[in-house]
Amino acid sequence: MSRKVEDYLEQGIYGTKEIKPGERREFLGTLRERVIIVLTKSQVFENNIYPEIENRMKQYPRANLLLNGQMDYQYLGKYIKLSNQYKIPYKIVLNKEYNSDLGLVLAEKNAIDKGNIYIEKEKEKSKPKTVKKNSLKARIKRYVKKVLKKSR
């Protein structure tokens, strides 16, 4: 049999071959090289809209917005409205076999190979919290640990 016939039969049996299926599952159906910017699920759950997303939508008017279909619409709605405002098509991607940690992916149709596509969370951007060693809570914890060690 010729190779073309074998390929045709394999495609009929197993479906079309997919390039980098793991990467496509992670980035909601697209490849990493096409991604402009992403948000994790926990970032999408936050009340505010990340200004970086809006800026990238302005910067890349031919982009597509991919949203994780395993999240409630109440969290995705604000980004859908934003995509409609900038006339960027969106797609809600639902993969029942794989649960991606990403909630939102803004991607081009062609490769752009951006370096850093992740946004730091708002909480991580602010100053790190310092724990006071002499606070009441810290003193109580030390006391409880001390008592538990003596009782053993």
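These lines cover the structure that appears in this document, whether it is placed above or below. On a predicted model such as this, the values are computed, not experimentally measured, just so you know. (Residues numbered from 1 in each chain as written. Predicted model: local features only at pLDDT ≥ 70, side-chain atom pairs only at ≥ 80, totals over all residues. Heavy atoms only, no water.)

## A word on the overall build of the protein chain
Then, number 1: A tally of helices and strands in the protein chain yields seven helices and four strands.
Then, number 2: Counting from the amino terminus, the protein chain carries its helices and strands in the arrangement α-α-β-α-α-β-α-β-β-α-α.
Then, number 3: Compactness check: the protein chain gives a C-alpha radius of gyration of 23 Å against a globular reference of 15 Å for 152 residues, more than 25% above the reference.
Then, number 4: Each principal axis of the C-alpha atoms in the protein chain carries an extent, and together these give about 80 × 45 × 30 Å.
Then, number 5: Burial statistics for the protein chain: of 152 residues in total, 30% are counted as buried. (Helix = DSSP H or I, 4+ residues; strand = E, 2+ residues; numbered from the N terminus. Rg over C-alpha atoms; globule rule 2.2 N^0.38 Å. Buried < 20%, exposed > 50% of the residue type's maximum accessible area, 1.4 Å probe, protein only.)

## Describing the layout of surface pockets
Then, number 1: Empty space within the largest pocket amounts to approximately 160 Å³.
Then, number 2: In terms of lining, the largest pocket is formed by 13 residues, of which the most central are R25, L28, G29, V93 and N95.
Then, number 3: Class assignment for the residues of the lining of the largest pocket results in four nonpolar, six polar and three charged. (1 Å grid on protein atoms, 1.4 Å probe; cavity = no way out; pocket = protein on both sides within 12 Å on 5 of 7 lines; lining within 4 Å. Points joined across faces, edges and corners; volume = space filled by probe spheres on them. Nonpolar A, V, L, I, M, F, W, Y, C, P; charged D, E, K, R; others polar.)

## Section: helix α5 (residues 73-85)
Then, number 1: For α5, built from 13 residues, the straight-helix expectation of 18 Å at 1.5 Å per residue is met to within 8% by its first-to-last C-alpha distance of 18 Å.
Then, number 2: Looking at the buried side of α5, the elements it contacts are β1 (35-40), α3 (41-45), α4 (51-59), β2 (64-68), β3 (90-93) and β4 (102-107). (Expected span 1.5 Å × (residues − 1). Contact = heavy atoms within 4.5 Å.)

## Examining the nonpolar core
Then, number 1: One finds L39, I53, L65, Y79, L104 and L106 to be the most contacted residues of the largest nonpolar core, which totals 20 residues.
Then, number 2: Counting only elements with at least two residues in this core, the list comes to β1, α4, β2, α5 and β4.
Then, number 3: At four residues, α5 tops the list of elements feeding residues into this core.
Then, number 4: Apart from residues no more than four positions distant in its own chain, Y79 is found in contact with L39, V44, N48, I49, Y50, I53, M57, L65, L67 and L104. (Core = buried A, V, L, I, M, F, W, Y, C linked by side-chain atoms within 4.5 Å.)

## Describing the side chain of K41
Then, number 1: Among the structural elements, K41 can be located in helix α3.
Then, number 2: Here K41 sits buried without a salt bridge, and the closest side chain of opposite charge, D101, lies 5.9 Å off (N-O distance). (Lys, Arg positive; Asp, Glu negative; His and termini not counted. Salt bridge = Lys/Arg side-chain N within 4 Å of Asp/Glu carboxyl O.)

## What about the packing of α4 against α5?
Then, number 1: For the pair α4 and α5, interaxial distance at closest approach is 10 Å and the crossing angle is 25 degrees. In terms of orientation, α4 lies roughly parallel with respect to α5. Of the two possible hands of crossing, α4 and α5 adopt the one that is right-handed. Seen from α4, the contacting residues are I53, E54 and M57; seen from α5, they are Y79, L82, S83 and Q85. (Axes fitted to C-alpha atoms, helices over the stretch in contact; angles between N-to-C directions. Parallel < 35°, antiparallel > 145°, perpendicular 65-115°, else oblique. Left-handed = near helix turned anticlockwise from the far one by under 90°.)

## Observations concerning the environment of K41
Then, number 1: A relative accessible area of 17% means that K41 is categorised as buried.
Then, number 2: Separated by 29 residues in the primary sequence, K41 and Q70 place their C-alpha atoms 9.7 Å from one another.
Then, number 3: Once you skip the residues sitting within four places of it in the chain, K41 turns out to touch N68, Q70, M71, N99, S100, D101, L102 and G103.

## Things to note about a positive patch on the surface
Then, number 1: Judged by side-chain charge, K137, K141, K145 and K149 come together as a positively charged surface patch.
Then, number 2: Classification of K145 by relative accessible area gives exposed; the value is 57%. (Patch = residues over 30% accessible without salt bridge, like charges linked within 9 Å, V, L, I, M, F, W, Y side chains within 5 Å. Areas by Shrake-Rupley, 256 points an atom, 1.4 Å probe, with all protein chains shown as cover. Charge placed at Lys NZ, Arg CZ, Asp CG, Glu CD.)

## Some details on the sheet that holds β2
Then, number 1: If you trace the four strands from one edge of the open sheet to the other, you get β1-β4-β2-β3, paired in mixed fashion. Two strands lie at the open edges of the sheet, namely β1 and β3, each paired on one side alone. Across the sheet, the mean angle separating the axes of adjacent strands is 15 degrees when strand polarity is ignored.
Then, number 2: Here β2 pairs with β4 via four bridges, running antiparallel. The residue bridging L66 from the neighbouring strand is V105, located in β4.
Then, number 3: Sheet strands touched by α4: β1, β2 and β4. Its angle to β1, the strand with the most contacts, is close to 160 degrees.
Then, number 4: Where α5 meets the sheet, it contacts β1, β2, β3 and β4, and its direction lies at approximately 170 degrees from that of β2. (Pairing = 2+ DSSP bridges.)

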